[in-house]
Amino acid sequence: MNKNTAIQIAQYFQGQAKAADSEFAIQRLRGTKPLDGFHEFADGLPLIAADQVERSDGSSVVCLLIKSKAFDIKSKNPNEWYLVVCSPATHAPLVEIWREEKHGSVLGLTWRYSPTIRDGRNPERKQYFQTHVGDLMMCLSVPGLGEVSSRFIEDIFDLVDNRQRAHDLDADEPNPRQAFPEGEMLERLHKARERNPAVVRLAKLLATKKGGLSCQICGFDFERKYGQIGHGYIEGHHTVPVS
């Protein structure tokens, strides 16, 4: 990401730290002065901010907005800044996010799950991640100036949680997310905006539990009209366009 985007995120963290009703406690560990004694990958490198973010359930991460030659090898751009989410215990990186893409008015930081563990189970890990996230790619919508929503921080925790569970092939599987910001690049990013299939599955499940898949406007039911071939089928139309 470019430096201005990184500065904007650092300002967002400061704003969230002051929010009275936030479920996150945010402590700025370091401002623009480079870190020392933190971790070998980060010590002495240009830094915009380092914040420790603790959720109300006690889980926490450290978020660095940092410029690192080591990560530049991945991006092939010597001028990239990174959002590096670290373990609060070991300070080791958990995820490194740097790819910035803008589609229309929406600016997103994208991250792709690509495990490299040499045990022959990476296809399983990819399937695990995709099942619960809806894609191998997640996109965090960059908070705007004065942003009051905690969604960006929530997405960071969700990304770390899903990545770690997929890494471990954890039997305690996370629940699929039930917040789907269609038409925006928050959880998934595509060149063309697509409807999130997870929201379709969830909507059908909830409707079925309430009595069936019938149109809320005209009452038409495909299964009632066409029998078994119409089971589970319905077209969803938005009262508010996804755009």
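One numbering rule holds for all chains: residues counted from 1, following each sequence as written. Only residues with pLDDT of at least 70 get local features here, since the model is predicted, and only at 80 or more are side-chain atom pairs given and counted; chain-wide, interface and lining totals rely on the full set of residues. Side-chain metrics rest on all non-hydrogen atoms present in the structure, leaving aside hydrogens and water.

Moving on, we come to the confidence of the model for the protein. Per residue, pLDDT captures the predictor's confidence, and it can take any value from 0 to 100. Mean pLDDT over the protein works out to 82, with 79% of the residues at or above the 70 mark. When the criterion is pLDDT under 50, residues 178–194 qualifies, and its contacts beyond four places in sequence or with other chains add up to 57 contacts. What makes two residues a contact is simply this: any of their non-hydrogen atoms within 4.5 Å.

Below, the discussion takes up the environment of W98. To qualify as a helix, a DSSP run of H or I must reach at least 4 residues; to qualify as a strand, a run of E must reach at least 2; elements of each kind are numbered from the N terminus. Locating W98 in the fold gives a position in the loop between strand 5 (93–97) and strand 6 (99–103). Measuring from C-alpha to C-alpha, the distance between W98 and L109 comes to 6.5 Å, with eleven residues separating the pair along the chain.

Below, the discussion takes up the packing of helix 3 (residues 122–133) against helix 4 (residues 151–168). Interaxial distance between helix 3 and helix 4 falls to 8 Å at its minimum, and their mutual angle equals 145°. Remark: the crossing between helix 3 and helix 4 carries right-handed chirality. Of helix 4, the residues touching helix 3 (which contributes R125, Y128, F129, H132 and V133) are L159, N162, R163, R165, A166 and H167. To get an axis, a line is fitted to the C-alpha atoms, and for a helix only the part in contact is used. The angle between two axes follows their N-to-C directions and goes from 0 to 180 degrees. Helix crossings are classified by the rotation of the near helix relative to the far one: an anticlockwise turn of less than a right angle makes the crossing left-handed, while a clockwise turn makes it right-handed.

Strand pairing is defined by DSSP finding a minimum of two bridges between the two strands. Taken in spatial order, the five strands make up an open sheet running 1-2-3-4-5, and their pairing is antiparallel. Edge positions in the sheet fall to strand 1 (24–30) and strand 5, since each has one partner strand and no second. Recorded for the sheet is a direction-independent mean angle of 20° between the axes of neighbouring strands. Looking at chain direction, strand 3 (residues 60–66) and strand 4 (residues 82–86) are connected through five bridges and run antiparallel. The residue bridging C63 from the neighbouring strand is V85, located in strand 4. Here helix 1 (residues 3–18) sits on the sheet in contact with strand 1, strand 2 (47–55) and strand 3, set at roughly 40° to strand 2.

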